[in-house]
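Residue strings, one per chain:
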Amino acid sequence: MNPDLVVLRLGELVLKGKNRHRFEKAVYEQVRRVLHPFPGLTFNREFGRVYIHLNGESFSLLAERLEKVLGLGSFSPVYTAPLQLEAIQELALVAMQAVGTAPATFKATVRRVNKSFPHDSQEMNKLVGGYVLRAIPGLKVDVNKPEVELKVELREEQALIYSQSFEGAGGFPLGTNGKAMLMLSGGIDSPVAGFLALRQGLKLDAVHFHSYPYTSEKSQQKVKDLVSKLTEYAGDIRLHMVPFTSVQTKIHQAYNQNLLITILRRAMFRITEKLADNYSASAIVTGESLGQVASQTLGSINAIGRAVGIPVLQPLICMEKQQIIRIAEKIDTFEISILPHEDCCTLFLPPSPSTNPNLRVVESIERKMDWLEAELDDAVKQTETIWIQAEGKSSFASFF
Ligand code: ATP
Ligand code: MG
């Protein structure tokens, strides 16, 4: 049986946040966005909680979407019953049967807000608990560590019955901590870095460097597909496709030794910094993990990061690959990331890339490239910016 309501609970970071009202508003705006495809829903706010009236819309379809709302702590399906003992008992049983895998233990907790209801909380615990116990063979009561806590609230007009709680995406609500540029390759790491940045309350634009025609259109499509996955959490995302072929070819012609990769990466960072200025972002987010590959030594990270004045955030810096892969699977980017693709940076690899680039040497090589700055500006000008649309559009209608 489909429940009647869904109750939403905000995440800890929202409740403790200094800007609680702004945070709450940001969460509910996202709730409205992801639930846009369900026109039958109505919303109301009571006793500090937000309730969604399903009006026949499927709870499990809604749940899939609510699980992706940043800043949402948890949500529960609720069955409503008239204030009559038999009706409450029956729906309590329905709520217990709705729990996915049949639980071995439970505990009933009844709260009587409406003091005119003839049985008090203690009596009701027994009346509801006993009824469920008799109806489900093998089920036992465990008051200390029950698998399911069956909760009944006796309100003024009706009884609310809960047996399950689902997790929201947690973290900070979308965009409440500012905006950053995500450097997105087609690999496993950068989409995960993007997700963690989103969950930390950052709004993101994505920046991808391609070396068309040396890298294929398929690689570009892959990046669009990855951004599309992130829009499930973030809503519409701007994607900047930077043509890197000309910069890369010129640098390669002028210098082709062990510091080439460092110089190319510095060029990418500087272009991203320029885009950040143009699009009002105050940080760059990348997917480096310290020591994961030869180019991600501290020496390299230092030499590359020094190319820009803007902070470079690396959410994966201290994470192990397995941990990163687990998140990639959870956010459903892993399968896309492992498809074969060409990365612009692997095009002109020098025979032995340096793992400990000397910053002063790098800078003196770059100084000789007096055309470099103009090339970088040109790449910014040639950048193609597109919107990757989220499936459910935000109406931005505030409902309280
Ligand atoms: P990923 O799995 O994200 O590709 P990686 O382990 O392959 O990471 P690198 O190739 O060293 O690592 O790249 C480090 C970071 O630089 C990436 O996580 C990403 O943020 C950025 N980056 C690399 N290539 C590109 C690109 N073509 N466009 C935009 N950003 C890129
Ligand atoms: Mg990569």
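Keep in mind that this is a model prediction, so the values were computed, not measured.

Here is what the cut-offs are and how they apply
Residues numbered from 1 in each chain as written. Chains lettered and ligands numbered in written order. Predicted model: local features only at pLDDT ≥ 70, side-chain atom pairs only at ≥ 80, totals over all residues. Heavy atoms only, no water. Pairing = 2+ DSSP bridges. Helix = DSSP H or I, 4+ residues; strand = E, 2+ residues; numbered from the N terminus. UniProt positions renumbered as here; feature names shortened; annotations may be inferred. Core = buried A, V, L, I, M, F, W, Y, C linked by side-chain atoms within 4.5 Å. Buried < 20%, exposed > 50% of the residue type's maximum accessible area, 1.4 Å probe, protein only. Contact = heavy atoms within 4.5 Å. Arc of directions from axis to C-beta. Near = heavy atom within 4 Å. Polar contact = N/O pair within 3.5 Å; in protein donor to acceptor, adjacent residues only side chain to side chain. Areas by Shrake-Rupley, 256 points an atom, 1.4 Å probe, with all protein chains shown as cover. 1 Å grid on protein atoms, 1.4 Å probe; cavity = no way out; pocket = protein on both sides within 12 Å on 5 of 7 lines; lining within 4 Å. Sits in = over half its atoms within 2 Å of the grid points. Nonpolar A, V, L, I, M, F, W, Y, C, P; charged D, E, K, R; others polar. Points joined across faces, edges and corners; volume = space filled by probe spheres on them.

**Q** Whenever I open this one, the pairing of strand E3 (residues 49-53) confuses me. Can you help?
**A** Note on strand geometry: in a regular strand, side chains alternate between the two faces of the sheet. Strand direction decides the pairing type here: strand E1 (residues 5-10) and E3, joined by four bridges, are antiparallel. Bridge pairing links Leu-8 to Val-50 in E3. Summarising the sheet, strand E2 (residues 42-46) and E3 pair through five bridges and their orientation is antiparallel. In the strand pairing of E3, Thr-42 is matched with His-53. Between E2 and E3, which follow one another and run antiparallel, lie two residues, and Phe-47 among them has a positive phi close to 50°.

**Q** So what exactly am I meant to see when it comes to the UniProt feature "domain: THUMP" (unreviewed entry) in the protein chain here?
**A** Those places that UniProt annotates as "domain: THUMP" (unreviewed entry) correspond, in this numbering, to residues 60-165. A helix fraction of 33% and a strand fraction of 29% characterise residues 60-165, whose end C-alpha atoms lie 13 Å from each other.

**Q** What should I look at first to understand unusual backbone geometry in this one?
**A** Peptide bonds are trans in most cases, and residues, glycine excluded, mostly fall at negative phi. Backbone torsion omega between Tyr-212 and Pro-213 reads 5°, so that peptide bond is classified as cis. Relative to the assigned elements, Pro-213 resides in the loop between strand E11 (203-210) and helix H7 (217-234). One non-glycine residue, Asn-55, lies in positive phi territory at about 45°. Along the polypeptide, Asn-55 turns up in the loop between E3 and helix H3 (59-66). Unlike most non-glycine residues, Asp-332 shows phi in positive territory, near 70°. Take Asp-332: it is sitting in the loop between helix H11 (321-330) and helix H12 (334-337).

**Q** Whenever I open this one, the nonpolar core confuses me. Can you help?
**A** Across soluble globular proteins, you tend to see nonpolar side chains buried next to one another. Leu-198, Leu-204, Val-227 and Val-285 are the most contacted members of the largest nonpolar core, which has 37 residues in total. At the level of secondary structure, the elements contributing two or more residues to this core comprise strand E10 (179-183), helix H6 (189-199), E11, H7, strand E12 (237-243), H11 and H12. Those residues in contact with Val-227, other than ones at most four positions away along the chain, are Leu-184, Ala-206, Ile-237, Leu-239 and Ile-388. Within the second largest apolar cluster, 33 residues are counted, among which are Val-207, Phe-244, Cys-344 and Val-380.

**Q** Help me out: how do you make sense of H3 in this one?
**A** An α-helical turn contains 3.6 residues, so any two residues separated by three or four positions project in the same direction. When we look at burial in H3, the residues that qualify are Phe-59, Leu-62, Ala-63 and Leu-66. The buried residues of H3 occupy an angular sector of 105° when the element is viewed end-on, so they sit on one face. Summarising the contacts, the buried residues of H3 are in contact with E1, helix H2 (20-34), E3, strand E4 (72-81) and strand E9 (166-167).

**Q** Which parts of the structure should I look at to understand the site of ligand 1?
**A** Within the structure, ligand 1 sits among 20 residues, and Met-183, Ser-185, Asp-189, Ser-190 and Gln-296 are positioned closest to it. The backbone of Met-183 places a nitrogen or oxygen atom 2.7 Å from an oxygen atom of ligand 1. A distance of 3.1 Å separates an oxygen atom of ligand 1 from a polar atom in the backbone of Gly-287. Taken by itself ligand 1 offers 580 Å² of open surface, and the protein chains cover 90% of this. Assessed atom by atom at 2 Å from the grid points, ligand 1 resides in the largest pocket. In terms of residue count, E11 provides more of the shell around ligand 1 than any other element does, three residues in total. Its residues placed into classes, the shell around ligand 1 shows seven nonpolar, nine polar and four charged.

**Q** Before we go on, may I ask you to explain H11 in this structure?
**A** Within the sequence span of H11, burial applies to Ile-324, Ile-325, Ile-327 and Ala-328. End-on view of H11: buried residues confined to an arc of 160°, all on one side of the axis. Residues of H11 that are exposed and point more than 90 degrees away from the buried face comprise Gln-322, Arg-326 and Lys-330. The inward-facing, buried residues of H11 abut H6 and H12. Looking one or two residues beyond H11, the residue adopting positive phi is Asp-332, at roughly 70°.

**Q** Sorry, what's going on with the UniProt feature "binding site: ATP" (unreviewed entry) in the protein chain here?
**A** In the numbering used here, UniProt assigns the feature "binding site: ATP" (unreviewed entry) to Met-183, Leu-184, His-208, Phe-209, Arg-265, Gly-287 and Gln-296. Within the annotated group, the residues that form the lining of the largest pocket are Met-183, Leu-184, His-208, Phe-209, Arg-265, Gly-287 and Gln-296. When you line up the elements, Phe-209 lands in strand E11. A relative accessible area of 4% means that Phe-209 is categorised as buried. Residues in contact with Phe-209, not counting those within four places in the same chain, are Met-183, Val-242, Phe-244, Met-268, Ile-271, Thr-272 and Cys-344. Along the chain, Gly-287 falls in the loop between strand E13 (284-285) and helix H10 (298-305). We classify Gly-287 as buried; its relative accessible area is 13%.

**Q** Could you clarify how one ought to interpret the layout of surface pockets in this entry?
**A** Any empty space left between atoms is shown by rolling a water-sized probe over those atoms. Here the largest pocket is characterised by a volume of approximately 780 Å³. Considering the residues around the largest pocket, the lining is formed by 35 residues, among which Ser-185, Arg-265, Ser-295, Gln-296 and Asp-343 are closest to the centre. Of all elements in the fold, only H6, E11, helix H9 (260-278) and H10 reach the threshold of two or more residues within the lining of the largest pocket. No other element matches H9, which puts five residues into the lining of the largest pocket. Classifying every residue of the lining of the largest pocket by side-chain character gives 14 nonpolar, 16 polar and five charged.

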